[in-house]
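Descriptive analysis of the structure
This is what each chain is made of:
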Amino acid sequence: MKTLLIRNLLHQRYFVAMVMAIVGIMNVYAQQLPVEVTWTMGRNEAAKNMYSSSFTIKNISNAPLDANWDFYYNNFPRKMKIITENPQITISQFRPGYNKISPTDSYKALAPGESITVEFLTLYSFRNLSYSPDGGHFVYRDRKENPLPVDIRKPLMTDTLQWSIPGAPLPAYPNGKFCYERNSIINPSGAKIEGSIYNIIPTPKNIEIKKGVTSVSSKVKIEAAGLDLSKAYLVEKLAANDIKESAKAKTTITLSQLKEKQANAEYYKITVDRNKIEISGATEVAVLNGIKTLIAVIERGDGKLPMSIPNAVITDYPDLSHRGMMLDVSRNFTNYESLRRYIDMLAAFKVNIFQFHFSDDEAWRLEIPGIPELTEVASKKGLAFDEKDFLYQTYAGNGNPNDLTTTANGYVSIKQFVELLKYAQQRGVAIIPEVEAPGHARAAIFAMKARERKYRNTDPYKAGEFKLWDDADTAKYTSSQGYHDNSFNFAQEGTYRFLGKVFDGIIEMYKEAGVKLPAIHIGGDEVPDGAWSGSPMINSFMAKHNMKTTHEGGEYFLDRATKMLEERGVKAGGWQEVAVHHSKEFNAKVAPRFAMVNVWSTMGSNDSIPYHVANSGYPVVISNVNNFYFDMVYSRHENEFGLNWGGKVDEFDSWNALPYNMYRSARRNNHDKLVDLSNADKGKPTLKNRANIIGVQGQLWSETIRNFDMVSSYTFPRIVGLAERGWNATPEWSEDYTDMTRYNAASVQYNLKLGKELQRFKKAKLDFHLGQPGIMVKDGMIYINTQLPGQVVRYTTDGSEPTEKSEQWTEPVKYDKGIQTPNENSPRNPSASNQVKLIKAKVFYLGKESLTTRLDLK
């Protein structure tokens, strides 16, 4: 009864928050936005290692705009320098990654229709739209509690110096030539998928085609004694394909569990013969895998019923037991309904692990019983001057901490998480929650500071119960994301009381759902240098325990946190930092407590880390940047979204991964230069025990995410390559990595199969990414090709952007340098030559369009 009462109160609190959000939004829109804000990219290397850009503020109101205002926006934290002389407005850093534009002493009231511009330099180079300003909001200084959302205008970039560096062209920039060469390899004329309709992704191990066919009509009979979960999933997926269960149907689908014990718990067998489809598996999860194969085959059809599928016997199992996807909902939020859709599609590709990254520096997104401040304070972000009630805005938002329509705000409630656990289990997906500690913990720290203030004068124990810091700490440090206050104090007992409370709350939610908790991931990565250097509490603790370095303090934390989980009967997970730079004795003690270690950094000299960690006895999940960081750009295109510090990662990079041959997993390095595969492993450590490589996992960090469509397009179709490699870890083409003919032939087949999967994404109404067309001029003719057969391409030769009304390319077109294709949207310059100087093309396919490909003929 007490638990139920608390739960009801929590739901009432969430309801009140929603009402407050609606009221706040109404107040905002009751005010008229007085300005239009435009950001314009200048050029790279406007000064040494800096790029230029400008902001223009235009008064769109009917009254003069005096100096009683500020404009806030987000951008990655980089040093800036104003270059406009005697500017009327200036830019300063309000918080790391959160800037402010303000009137200067030289500011003169802006009349209606007038504009002012400030030009400035920013450190480093500009590469794509994800590095442009976002999250804009205008504030009257006497009404700071009501920020007004501003959609920052960003003119189309047209000059190559806006995204590349003078004299240093990008080696893999997707221009017409680069895309044409690539498409020619993966989509040669006349190529077709080899094998039968059963040749799906992930590819089944053994397919034996028999004589005859079996008909699948709009009605089937289902027999599934004792396999209720599998039957429910089958019925749901059949219904999605307009097939209903009927006891009188001619075709029968039988589900059963194999009596013989199998070496692989996910082994399944499908027998199709004489209008009978029998699916059997070593476990119920294995049966689910068989169902997913059947559904994939059905969805390969044209959608018309009845359909005929060849009689066949399929035996199949995965090489790797962990085939995962990590989604960061901390930095930018993905809500409960979208998480369900996401997990459903992951499950369709037999991805069986969903790592739920709900806490980080930027926010805490999962309600924990008994610690309401975590979501009351740390799930909200906006224009915060003291961060007592909510956190300051990062990456995106509109300044309003109560607006649940933005990715800045929101959390998953206890009830929703319990339902999500059940939903995922029904699809054969296990959810691993991640509690980031001891670094990447700013949100938790600030939530607990709010708790301390709340109870300081009424309940001293509660005030200090979950204290994660030392008040006397003088450490000065900066984390990878620019924070100076994001690490737990390992000498503070409140740290371990906090973790224990969170662990117990998570365990209780799994119990309520009736779902097994596979592990709790504790992060363990990127504790900033110096984070523990200024705490008297830590200094005293280290002296007492005879510690010489803070690394030993980190080991103390790791030992104690994993021991706490072990005492609760729960395995731990962690990023690679938890498993490196330890003694053999420490590894022997701690490694058995881990269910997984995500090895993520394999660039340069770090390429041996996966095998180093595996050889130290830890279970390794290959999660490396080069192949599986889905927040990286698909390509170096200026209008592509994503980060680029790890190079580009597309659906072929995820497919290229070789878990047992990591030195040859990336065919280009993070600078887009080709890797010498022949010598990639020279002098490098070898893998001693393959059993310690337990899986592969994609990572989607959400700094650049702004909505669920972006979550989808970042993931699909890259997840297809991961699913294939997790199921079949050693492809035939990898046997001789120098045989490019064999590799290219395999890539053609993969590409054709991948194209079929786009239809599934469209059917599920999930956004996905399309590859660009290629353009080539040869012998006076314009040639265009595409990544997939049957894609529509439209092009222009006057410099304008292709639209669905532009000319469609169907065959080679004569290239006449003296004629310009007319287009009413083309920018006109009376003094310009009419010669064709720039060809642009774009793919239109399945209701989506690709980025524009350029072929510059100057």
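Above this text you will find the structure in question.
A brief look at the structure comes next. Small disclaimer: the values here were computed from a predicted structure and weren't measured.

Thoughts on the overall build of the chain
For the chain, the count of helices and strands is 19 helices and 34 strands. The C-alpha radius of gyration of the chain comes to 28 Å, within 12% of the 29 Å expected for a compact globule of 858 residues. Once the C-alpha set of the chain is aligned to its principal axes, its extents read approximately 85 × 80 × 60 Å. Burial statistics for the chain: of 858 residues in total, 58% are counted as buried. Carbon and sulfur atoms provide 50% of the accessible area of the chain, an area that totals close to 36100 Å². The average position of the 105 basic charges and that of the 96 acidic charges among the side chains of the chain differ by 3 Å.

Notes on the sheet that holds strand 17 (residues 322–328)
Ordered by their spatial adjacency, 8 strands build a closed barrel running 17-18-21-22-23-24-25-26, and the pairing between neighbours is parallel. Geometrically, the sheet is characterised by an average inter-axis angle of 30° between neighbouring strands, direction not taken into account. Of the strands in this sheet, strand 17, strand 18 (353–357), strand 21 (430–437) and strand 26 (693–700) touch helix 5 (residues 336–348), which is tilted by about 150° from strand 18.

Examining the environment of Gln772
If you trace the backbone, Gln772 turns up in the loop between helix 19 (740–763) and strand 27 (774–778). Taking the C-alpha atoms as reference points, Gln772 and Val793, 21 residues apart in sequence, are found 9.6 Å from one another. Apart from the residues lying within four places of it in its own chain, the contact partners of Gln772 are Pro174, Cys179, Asn183, Ser635, His637, Ser850, Leu851, Thr852 and Thr853. A distance of 2.9 Å separates polar atoms of two side chains, one belonging to Gln772 and the other to Thr853.

Points about the sheet that holds strand 4 (residues 80–82)
The 4 strands lie next to each other as 1-2-7-4, forming an open sheet whose pairing is antiparallel. Only two strands of the sheet have a single neighbouring strand rather than two, namely strand 1 (35–41) and strand 4. Between one strand axis and the next, the sheet turns by 25° as a mean value, whatever way the strands run. Where strand 1 lies against strand 2 (residues 50–59), 7 bridges are found, and the strand directions are antiparallel. Along strand 2, the bridge assignment pairs Glu36 with Lys58.

Overview of the packing of helix 5 against helix 17 (residues 708–715)
Running from amino to carboxyl end, helix 5 crosses helix 17 at an angle of 15°, the nearest separation of the two axes being 11 Å. As judged from the angle between their axes, helix 5 and helix 17 are roughly parallel. Pair helix 5 / helix 17 crosses with right-handed handedness. On helix 17, the residues touching Ser338, Arg341, Tyr342 and Leu346 of helix 5 are Phe708, Val711 and Thr715. Of the residues contributing to the contact of helix 5 with helix 17, the split by class is 4 nonpolar, 2 polar and 1 charged.

Examining the pairing of strand 14 (residues 268–273)
Covered by surrounding structure in strand 14 are Tyr268, Ile270 and Val272 only, the residues Lys269, Thr271 and Asp273 on the alternate face being uncovered. Summarising the sheet, strand 14 and strand 15 (residues 276–281) pair through 6 bridges and their orientation is antiparallel. Within strand 15, the residue paired with Lys269 across the bridge is Ser280. Between strand 14 and strand 15, which pair antiparallel and follow one another directly, the connecting turn spans 2 residues, one of which, Arg274, has a positive phi of 50°.

Remarks on unusual backbone geometry
Geometrically, the link from Ile201 to Pro202 is a cis peptide bond, its omega value of -5° lying close to zero. By the secondary structure assignment, Pro202 is in the loop between helix 2 (176–186) and strand 10 (206–216). The omega angle of the peptide bond from Ala437 to Pro438 is -5°, so this bond is cis rather than trans. One can find Pro438 in the loop between strand 21 and helix 8 (442–455). Even without being glycine, His440 reaches a positive phi, approximately 55°. If you trace the backbone, His440 turns up in the loop between strand 21 and helix 8.

Notes on the pattern of salt bridges
Opposite charge on two side chains allows them to pair when their charged atoms are near. The final tally for this structure, using the stated rule, is 46 salt bridges. Lys648 is paired through a salt bridge with Asp653; the nearest N and O atoms lie 2.7 Å apart. A single salt-bridge network, built from bridges that share partners, covers Asp328, Arg331, Asp360, Glu362 and Glu703.

Topic: helix 11 (residues 536–544)
Inspection of helix 11 places Ile538, Phe541 and Met542 among the buried residues, and these make up the whole buried set. One side of helix 11 holds all its buried residues, which, seen down the axis, span an arc of 100°. Exposed residues lying more than 90 degrees from the buried face of helix 11 are Ala543 and Lys544.

Description of the side chain of Glu367
As for its placement among the helices and strands, Glu367 is situated in the loop between strand 18 and helix 6 (373–376). Judged by relative accessible area, Glu367 falls into the buried class, the value being 4%. Polar side-chain contacts of Glu367 include one of 2.9 Å to the backbone nitrogen of Ile414.

Points about helix 17
Summarising burial for helix 17: 7 of the 8 residues are buried, a large majority. Restricting attention to buried positions, one finds in helix 17 the residues Phe708, Met710, Val711, Ser712, Ser713, Tyr714 and Thr715. The residue sitting at the N-terminus of helix 17 and contributing the capping side-chain oxygen is Asn707; that oxygen lies 3.2 Å from the backbone nitrogen of Asp709.

Brief notes about the layout of surface pockets
Estimated volume of the largest pocket: approximately 1100 Å³. Lining the largest pocket are 44 residues, and of these Phe76, Arg78, Tyr131, Leu643 and Trp645 sit closest to its centre. Grouping the amino acids of the lining of the largest pocket by side-chain chemistry returns 16 nonpolar, 13 polar and 15 charged.

Some points on the packing of aromatic side chains
Both the distance between ring centres and the angle between the ring planes are used here to describe each pair of aromatic rings. Taken as a whole and assessed by the stated rule, the structure comprises 48 aromatic pairs. Ring geometry for Phe417 against Tyr510: centres 5.9 Å apart, planes inclined by 75°, an arrangement best described as edge-to-face. Of this pair, Phe417 sits in helix 7 (residues 414–425) while Tyr510 sits in helix 10 (residues 493–513), placing them 93 residues apart in sequence. In this pair, the class of Phe417 matches that of Tyr510, namely buried. With a centroid separation of 5.0 Å and an interplanar angle of 80°, the aromatic rings of Trp733 and Tyr743 are classed as edge-to-face.

Parameters at a glance
- Residues numbered from 1 in each chain as written.
- Predicted model: local features only at pLDDT ≥ 70, side-chain atom pairs only at ≥ 80, totals over all residues.
- Heavy atoms only, no water.
- Helix = DSSP H or I, 4+ residues; strand = E, 2+ residues; numbered from the N terminus.
- Rg over C-alpha atoms; globule rule 2.2 N^0.38 Å.
- Buried < 20%, exposed > 50% of the residue type's maximum accessible area, 1.4 Å probe, protein only.
- Areas by Shrake-Rupley, 256 points an atom, 1.4 Å probe, with all protein chains shown as cover.
- Lys, Arg positive; Asp, Glu negative; His and termini not counted.
- Charge placed at Lys NZ, Arg CZ, Asp CG, Glu CD.
- Pairing = 2+ DSSP bridges.
- Axes fitted to C-alpha atoms, helices over the stretch in contact; angles between N-to-C directions.
- Contact = heavy atoms within 4.5 Å.
- Polar contact = N/O pair within 3.5 Å; in protein donor to acceptor, adjacent residues only side chain to side chain.
- Parallel < 35°, antiparallel > 145°, perpendicular 65-115°, else oblique.
- Left-handed = near helix turned anticlockwise from the far one by under 90°.
- Nonpolar A, V, L, I, M, F, W, Y, C, P; charged D, E, K, R; others polar.
- Salt bridge = Lys/Arg side-chain N within 4 Å of Asp/Glu carboxyl O.
- Arc of directions from axis to C-beta.
- 1 Å grid on protein atoms, 1.4 Å probe; cavity = no way out; pocket = protein on both sides within 12 Å on 5 of 7 lines; lining within 4 Å.
- Points joined across faces, edges and corners; volume = space filled by probe spheres on them.
- Phe/Tyr/Trp six-rings, centres within 6.5 Å; stacked < 30°, edge-to-face > 60°.

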